[in-house]
Amino acid sequence: MNQSKSLINYLKLFALVIIALVILVAGFFLLQRFQETKLLMTLFAVIWGVGSVALLYFVLNTVAQSMPKKIRSVSVAIVFAGPALALLFWALVLPTLRSFWLSFFGAAGKHFVGLANYRFAFSDPIMLESFRNNLLWMVFGTSFCVILGILIAVLSDKSKKEKLFKSLIFMPMAISFVGAGVIWKFIYAYKGEGINIVEIGLLNAIMVALGKEAQAWLLVSFWNNFFLIIIMVWLQTGYAMVIISSAIKGIPNDINEAAQVDGANGISIFFRITLPYIMPTIVTVSTTILIFSLKLFDIVRVMTGGNYGTNVIANEFYQRQFTYGNTGQASAIAIVLLVVIIPVLIYNLKEFKNRRILK
Amino acid sequence: MSRKKLGSSLSTRIIISVVLIVIVVLWTIPTFGVFITSFRDSKDIYSSGWWSVLPHRDWIKTDEFQLPETLDPNEPITIEGNTYSFEEWREGIVVDDERKIQWYGNKRSRKIEVFEEKWIGFGANLTLTNYRDVLSAGSIEFQDGQGNTITRQGNNFADAVLNSLAVAIPATVIPILIAAFAAYAFAWMEFPGRRPLFVMVVALLVVPLQTALIPILRDFTRWGLNGTFVSMWLAHTGFGLPLAIYLLYNYISTLPRDIFESAYLDGATPFVCFIRLVLPLSIPALASFAIFQFLWVWNDYLVALIFLGDKNRVVTSALAAMVGEKGQDWHLLTSGAFLSMIVPLIVFFGLQRFFVRGLMAGSVKG
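Calculation notes
Residues numbered from 1 in each chain as written. Chains lettered and ligands numbered in written order. Predicted model: local features only at pLDDT ≥ 70, side-chain atom pairs only at ≥ 80, totals over all residues. Helix = DSSP H or I, 4+ residues; strand = E, 2+ residues; numbered from the N terminus. Rg over C-alpha atoms; globule rule 2.2 N^0.38 Å. Contact = placed C-beta atoms within 7 Å. Buried ≥ 20, exposed ≤ 12 C-beta atoms within 10 Å, placed from the backbone. Pairing = 2+ DSSP bridges. Axes fitted to C-alpha atoms, helices over the stretch in contact; angles between N-to-C directions. Domains from an automatic or database assignment. Nonpolar A, V, L, I, M, F, W, Y, C, P; charged D, E, K, R; others polar. pLDDT = per-residue confidence, 0-100. Parallel < 35°, antiparallel > 145°, perpendicular 65-115°, else oblique. Left-handed = near helix turned anticlockwise from the far one by under 90°. Core = buried A, V, L, I, M, F, W, Y, C linked by C-beta atoms within 7 Å.

## Some points on the overall build of chain A
Of regular secondary structure, chain A possesses 14 helices and zero strands. Secondary structure elements in chain A, listed N-terminal to C-terminal, are α-α-α-α-α-α-α-α-α-α-α-α-α-α. At 28 Å, chain A has a C-alpha radius of gyration far larger than the 21 Å of a compact globule built from 359 residues. Seen along its three principal axes, the alpha-carbon backbone of chain A occupies a region of about 95 × 60 × 50 Å.

## Considering the overall build of chain B
Looking only at helices and strands, chain B features 15 helices and eight strands. Taken over the C-alpha atoms alone, chain B extends approximately 105 × 65 × 35 Å along its principal axes. When contacts within chain B are restricted to residue pairs at least 6 apart in sequence, those whose partners lie at least 24 apart make up 70%.

## Some words on the pairing of strand β1 (residues 56–66) of chain B
All names here are of chain B. For β1, a buried count of zero out of eleven residues is recorded, marking the element as mostly open to its surroundings. Inspection of the sheet shows β1 paired to strand β6 (residues 111–120) by ten bridges, in the antiparallel sense. Across the sheet, residue Phe65 finds its bridge partner in β6, namely Ile112.

## Concerning unusual backbone geometry
Residues and elements named next belong to chain A. Of note, Phe222 is a non-glycine position whose phi angle comes to about 65°, a positive value. Looking at the element boundaries, Phe222 is found in the loop between α8 (202–209) and α9 (223–249). Note on Phe222: 12 C-beta atoms within 10 Å, which makes it exposed.

## So, the interface of chain B and chain A
Opposite the 99 residues of chain B that make contact, chain A presents 97 residues. Here the side of chain B that touches chain A gets 16 residues from one element, more than from any other, and that element is helix α5 (residues 157–188) of chain B.

## A look at the sheet that holds β6 of chain B
All names here are of chain B. The four strands are arranged β1-β6-β5-β4 in an open sheet whose pairing can be described as antiparallel. The open sheet has two edge strands with one neighbour each: β1 and β4 (93–95). On average, each strand axis in the sheet is inclined to that of its neighbour by 35°, with strand direction left out of account.

## Considering the domain arrangement of chain A
Residues and elements named next belong to chain A. Segmenting chain A into domains produces domain 1 (2–116) and domain 2 (125–355). Averaged C-alpha coordinates put domain 1 and domain 2 at centres separated by 38 Å. Counting from both sides, the interface comprises eleven residues of domain 1 and, opposite them, nine residues of domain 2. When the residues that make up the side of domain 1 that touches domain 2 are grouped by side-chain class, the tally is six nonpolar, five polar and no charged.

## Observations regarding the confidence of the model for chain B
Low pLDDT means the predicted atomic positions in that stretch should not be read closely. Residue and element names in this part refer to chain B. Confidence along chain B averages 83 in pLDDT terms, with 94% of residues attaining 70 or more. Here residues 1–5 scores under 50 on pLDDT; set against residues more than four positions off or in separate chains, the count is six contacts. Taken together, the chains of this predicted complex give a pTM of 0.86 and an interface ipTM of 0.88.

## Points about the environment of Ile152 of chain A
You can see Ile152 of chain A is positioned in helix α5 (residues 125–157). Counting along the chain gives 85 residues from Ile152 of chain A to Thr237 of chain A, while the straight-line C-alpha distance between them is 9.2 Å. Non-local contacts of Ile152 of chain A, meaning those with residues more than four positions away in its chain, are made with Ile169 and Met241 of chain A together with Ile23 of chain B.

## Thoughts on the packing of helix α6 (residues 162–170) of chain A against helix α1 (residues 10–37) of chain B
Two elements in contact, α6 of chain A and α1 of chain B, have axes whose closest approach is 9 Å; the angle formed by their N-to-C orientations is 30°. As the angle between them shows, α6 of chain A and α1 of chain B are arranged roughly parallel. Our pair here, α6 of chain A against α1 of chain B, has a crossing hand that is left-handed. For the pair formed by α6 of chain A and α1 of chain B, the contact residues are Phe165, Leu168 and Ile169 of chain A on the first element and Leu20, Val24, Trp27 and Thr28 of chain B on the second. Per-class residue counts for the contact of α6 of chain A with α1 of chain B are six nonpolar, one polar and no charged.

## As for the confidence of the model for chain A
Overall, the predicted model of chain A reaches an average pLDDT of 86, with 96% of residues at or above 70. Confidence, read as mean pLDDT per element, is least for helix α1 (residues 2–33) of chain A in chain A (79) and greatest for α5 of chain A (92).

## Brief notes about helix α10 (residues 253–261) of chain A
For an α-helix, 3.6 residues make a turn, and residues three or four places apart therefore share a direction. Among the nine residues of α10 of chain A, zero are classified as buried, and the element is accordingly described as predominantly exposed. Once α10 of chain A finishes, Gly263 of chain A follows within two positions and takes phi at roughly 90°, a positive value.

## Notes on the domain arrangement of chain B
Under the domain assignment, chain B is made up of domain 1 (56–120) and domain 2 (157–361). When each unit is reduced to the centre of its C-alpha atoms, the spacing between domain 1 of chain B and domain 2 of chain B is 62 Å.

## Considering the nonpolar core
Core analysis: the largest hydrophobic core is formed by 186 residues, its most contacted members being Ala84 of chain A together with Ala179, Ala182, Ala183, Ile245 and Leu248 of chain B. With 24 residues, the single largest contributor to this core is α5 of chain B. Setting aside residues no more than four positions away along its own chain, Ala84 of chain A makes contact with Ile178, Ala179, Phe181, Ala182, Leu241 and Ile245 of chain B.

## Quick look at the packing of helix α6 (residues 194–204) of chain B against helix α8 (residues 229–252) of chain B
All names here are of chain B. Here α6 crosses α8 at 120°, and the two axes come no closer than 8 Å. When the axis of α6 is compared with that of α8, the two are oblique. Seen from above, α6 lies across α8 with left-handed handedness. Side by side, α6 and α8 meet where Val201, Val202 and Leu204 of the first sit next to Pro242, Ile245 and Tyr246 of the second. Split into classes, the residues belonging to the contact of α6 with α8 amount to six nonpolar, no polar and no charged.

## Details of the environment of Phe271 of chain B
All names here are of chain B. Checked against the element boundaries, Phe271 lands in helix α10 (residues 270–281). What makes Phe271 partly exposed here is the crowd of 19 C-beta atoms within 10 Å. A sequence separation of 54 residues divides Phe271 from Leu217, and the C-alpha atoms of the two residues are 34 Å apart.

## Overview of helix α13 (residues 315–325) of chain B
When you tally the buried positions in α13 of chain B, you get eight out of eleven residues, the bulk of the element. Looking only at α13 of chain B, the buried set comprises Val315, Thr316, Ser317, Ala318, Leu319, Ala320, Met322 and Val323 of chain B.

## A few points about the environment of Leu204 of chain B
On the secondary structure map, Leu204 of chain B appears in helix α6. Note: C-alpha distance between Leu204 of chain B and Pro242 of chain B (38 residues apart in sequence) is 6.2 Å.

## Describing the pairing of strand β8 (residues 149–153) of chain B
All names here are of chain B. In terms of burial, β8 is a largely surface element, zero of the five residues being buried. The pairing of strand β7 (residues 139–143) with β8 spans five bridges and is classified as antiparallel. Paired with Glu141 across the strands is Thr151, a residue of β8.

Structure, rendered in structure tokens:
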């Protein structure tokens, strides 16, 4: 009696797993057929995509719950944490090792070439140019963002319209780099020379109004890097401002008041109290933007395609893999990017240890 | 949060306001210009800057007349008692300090136009045609600055927006679900390797995407997944998981222990407990990450470029492709750019508070 009951349970379980698998596989092939009616396809994609993940957990959990008591709690834990860990392993851990491996092989990933790809990465003129440009992005992009962010955060803290100012500065954070590229391409637009040509780009219109020559800004070698960096500053200053602003709000009010009673003026309060107090936040924000500018791709891709002396490492990575089809060189570039970031990784781990999470 | 604004003198406050207003205006003008341009007639866009829709003084045509056929344009030409060469007339001559006389077109036209400087209000030709054209997949027609009609293939932004939704919604919900399960396990369950595995999650926070792209692409090619939505969901889920697990762990681990214990005493399984208690209680953290991830996926270009290619183009790829193909068609570029921004801007302004909270919690994303 008891045995037949458990047999029925196992059959039920088996049927559940089969049904789930059918839904997963059938959904995938159905999705390919929906190409004609896009709206329906979108709806189906969303429901099937989200639904099948939920279903997967439900089925896996039912299986785990049917395990013998001894291993039940561990199997439930594996069901909870397993999918995430498996995905992390497949999407990040394993690829890092595979990229490292590929970086020692030739264009098609078949012939061992030793360190040749790294020699390319550190000596090819286009790579050296990219390194220089990334350095410009990291130094100037980051410092402009952070300095402007501090300035706006400090000033708006004293203003009555703080919220309005801050959300207008923050707004570009919602815009894609490609969209920002179009916005700024329009600012830099150049029509050329000729009689009665009206410049429709804002920057050139201002130049003409000031009696100067209109210019093709993105072609001006070396300085064009800065015209691109401005775009990132426009996008990221809001991020720096918001984080720094909340750090400033965290300064206890009585410290400021005491300093005021002692006769300190605004500027000395800023350098003696505010700045030291928010220094850790500034370091965090700077690190984030530094990493960001190291991996920067979209702006350069859309604005200049890396031409006219504006190439950056991430764009060269893309070019090597997809224009030249050289997997070895592209992988070596990716590993170089990773190595540059490793100090931050170690710092993060140290911080994590100090916080004593997971006793 | 009501915090006392530090008392300062009137002049300081005025300086602060002026500096802030200047910065804010500088910050807003680029977007504002694109917004205005996207509603202007294509012919106008080619012949004047977007700021000309604002009230300003400009030369308005008030009269035109034809010069006699006998006139030789190669000799100095006298009009209303002023004598200048053809080239000078073509540039335009200001007479009596208020009227500009200008030769229209080439030497054979012999047409003269007279302009007077006047104030113009908001006199722009505003239209929705640009949006209709950029959404369309068929062939579209528009006029350039000289009034010539140009025919182009539309960029089918309507499909691109739907594709973006089909990519971004699952690529937001799936990692949240997976990460929430994992975060709960890390916070409240015992299993072998729990600590070293969490250290791994923290380490993966800053690993750059580029390191992972090529091997994943090779897997997708082998499995025939290139160009499918599933490939985008898998990739974005994988890349978003470290931050998601980290953020949600920080939140879920601070939930009070008692609520779980009483639920277990009532015979609830961890699964039921997770669905009924943990998820509803973690909504603020889930929302923060959801907005973060949604904006990230919607605005992503690199991952879409590599795994989707030209199949199922999302808005960022469609816009980038348009920059390449139609670099001077500003009426299409600006309306396309604005279409790509509408959804994230709504999400952003609607849920700004959650977004900021998410930004604060996750310092460094890879």
